[in-house]
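A look at the structure
So you can see what is in the structure, the chains are spelled out below.
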Amino acid sequence: MAAILRLPGGTRDASELVETLLVAAQARETTAPALAARWRTLADNIGDGLDALPPPKQ
């Protein structure tokens, strides 16, 4: 399933979301490993989506 994520700050906001998910996953690694794994997967998927975008035009 695909989703459209609209953020006012564009890719910068999406990058911050990826970083936040990874930090949260690290914080929950011992207390909720399944949730941490899910958050890492989400971060990886968003990161892959960002990587697939064409480079910005100057």
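Data block above holds the structure.
What comes next concerns the included structure.

About the criteria used
Residues numbered from 1 in each chain as written. Predicted model: local features only at pLDDT ≥ 70, side-chain atom pairs only at ≥ 80, totals over all residues. Heavy atoms only, no water. Helix = DSSP H or I, 4+ residues; strand = E, 2+ residues; numbered from the N terminus. Expected span 1.5 Å × (residues − 1). Buried < 20%, exposed > 50% of the residue type's maximum accessible area, 1.4 Å probe, protein only. Arc of directions from axis to C-beta. 1 Å grid on protein atoms, 1.4 Å probe; cavity = no way out; pocket = protein on both sides within 12 Å on 5 of 7 lines; lining within 4 Å. Points joined across faces, edges and corners; volume = space filled by probe spheres on them. Nonpolar A, V, L, I, M, F, W, Y, C, P; charged D, E, K, R; others polar.

**Points about helix H1 (residues 11-27)**
With 17 residues, H1 extends 24 Å between its outermost C-alpha atoms, agreeing within 8% with the 24 Å of an ideal straight helix rising 1.5 Å per residue. All of the buried residues along H1 are Ala14, Val18, Leu21 and Ala25. Viewed end-on, H1 has its buried residues packed into an arc of 65°, placing them on one side of the element. Residues of H1 that are exposed and point over 90 degrees away from its buried face: Arg12, Glu19, Thr20, Val23, Gln26 and Ala27.

**Some remarks on the layout of surface pockets**
When its volume is computed, the largest pocket comes out at roughly 280 Å³. The wall of the largest pocket is formed by 14 residues, among which Ala3, Leu5, Asn45, Ile46 and Gly49 lie closest to the centre. Those elements that provide at least two residues to the lining of the largest pocket are H1 and helix H2 (33-52). At six residues, the largest contribution of residues to the lining of the largest pocket is made by H2. Among the residues making up the lining of the largest pocket, the classes are represented as nine nonpolar, four polar and one charged.

By themselves, these figures tell us nothing about what the structure is for.
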